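Spelled out from the first residue to the last, the chains are:
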Amino acid sequence: MTPVPRSTVMAYRDDGPLSRGMGMLVAGQLPPLPPVVAGAFVTGVLLVIGVAGSDGLAVFAPAVTLLLAGPGSSHPHDGRVDWLVPPILRLIEYSFIAACGFAHDVPPWLIFVLLGAMAFHHYDLVYRLRQRVYPPPWLATFGLGWDGRMIVVALTAIAGFVTGGFVLLALYLWGLFGWESLTCWLAAPRSGVEASDLETQD
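Residues numbered from 1 in each chain as written. Predicted model: local features only at pLDDT ≥ 70, side-chain atom pairs only at ≥ 80, totals over all residues. Heavy atoms only, no water.

Trainee: Could you clarify how one ought to interpret unusual backbone geometry in this entry?
Mentor: Glycine aside, negative phi is the norm for most residues, and most peptide bonds take the trans geometry. The phi torsion at Asp-14 lies on the positive side, around 60°, for a residue other than glycine. Structurally, Asp-14 is set in the loop between α1 (9-12) and α2 (17-26). The phi angle at Leu-144 is positive, at roughly 75°, despite the residue not being glycine. Here Leu-144 is to be found in the loop between α7 (137-142) and α8 (145-158). (Helix = DSSP H or I, 4+ residues; strand = E, 2+ residues; numbered from the N terminus.)

Trainee: Help me understand the side chain of Asp-124, please; the structure alone is not making it clear to me.
Mentor: In this fold, Asp-124 is placed in helix α6 (residues 108-130). Discounting residues that sit within four places of it in the chain, Asp-124 has contacts with Ser-181 and Trp-185. (Contact = heavy atoms within 4.5 Å.)

Trainee: Mind showing me how you'd approach the pattern of salt bridges here?
Mentor: Between side chains of opposite charge, a pair can form as their charged atoms come close. Counted under the stated rule, the structure contains 6 salt bridges. Salt-bridge contacts for Arg-149 lead to Glu-93; the nearest nitrogen and oxygen are separated by 2.6 Å. With a gap of 56 residues between them, Arg-149 in helix α8 and Glu-93 in helix α5 (residues 85-103) connect regions that are remote in the sequence. Given a relative accessible area of 0%, Glu-93 falls into the buried group. As a salt-bridge pair, Asp-124 and Arg-128 come within 2.8 Å of each other at their nearest N and O atoms. Of this pair, Asp-124 and Arg-128 are both found in helix α6, 4 residues apart, which corresponds to roughly one turn of the helix. By the burial criterion, Asp-124 is buried, and Arg-128 matches it. (Salt bridge = Lys/Arg side-chain N within 4 Å of Asp/Glu carboxyl O. Buried < 20%, exposed > 50% of the residue type's maximum accessible area, 1.4 Å probe, protein only.)

Trainee: Would you take a moment to explain the nonpolar core for this structure?
Mentor: Ranked by size, the top nonpolar core spans 36 residues in total, and within it Phe-96, Ile-97, Leu-114, Val-153, Phe-166 and Leu-173 carry the most contacts. Of all the secondary-structure elements, those providing two or more residues to this core are α3 (33-48), α4 (60-69), α5, α6, α8 and α9 (162-187). Of the residues forming this core, the biggest block, 8 residues, is contributed by α5. (Core = buried A, V, L, I, M, F, W, Y, C linked by side-chain atoms within 4.5 Å.)

Trainee: What is the right way to read the packing of α5 against α6 from this model?
Mentor: Two measures define how a pair of helices packs: the angle their axes make with one another and the distance between the axes. Between α5 and α6, the shortest axis-to-axis distance is 9 Å and the interhelical angle comes to 165°. With respect to each other, α5 and α6 are oriented roughly antiparallel. The interaxial crossing formed by α5 with α6 has right-handed handedness. Taken together, the residues of α6 that come into contact with α5 (itself represented by Arg-90, Glu-93, Tyr-94, Ile-97, Ala-98, Gly-101 and Phe-102) are Pro-108, Ile-111, Leu-114, Leu-115, Met-118, Ala-119 and His-122. (Axes fitted to C-alpha atoms, helices over the stretch in contact; angles between N-to-C directions. Parallel < 35°, antiparallel > 145°, perpendicular 65-115°, else oblique. Left-handed = near helix turned anticlockwise from the far one by under 90°.)

Following this line, the structure appears as structure tokens:
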């Protein structure tokens, strides 16, 4: 576990290796919010016209979002409204995965299970940062990031293996996030916000 730096907005993004790599190319020079808003708009349009239901174009929406939002991952996110970036990325990711699942007749309960794994991870991330503790750096890599998860789902649609892909991805993410979260909190010292509260009471 690593202490949280002054700005936590970048950690809330939950970028994967692809997005972080694109961010390194621009060295933090690209403001993060406008590209993310553009990515949300493009993804919304693509989902409305049924791209998520087309096996040949299913990868298009996450690819466009990655190209637009990925380079902004290295920006310090210190603008007045840059805090909007993580929730917009969550909206893009959850909407695309849900739309792709429904378009390919994935059982609703399975879509919920997969989205639940990601929601659990994001809630856990938010709570950790409130306690001023970073998750281990490898978690973002093995968790694939918002970009990697969207691309995996899109590729399963292209391969015609959507339901099976949802099952495998849900099992993988629940296993990874659940195990890591459990071991982290069991090993975490009584520090951060909670410890501060205890010291104040004393």
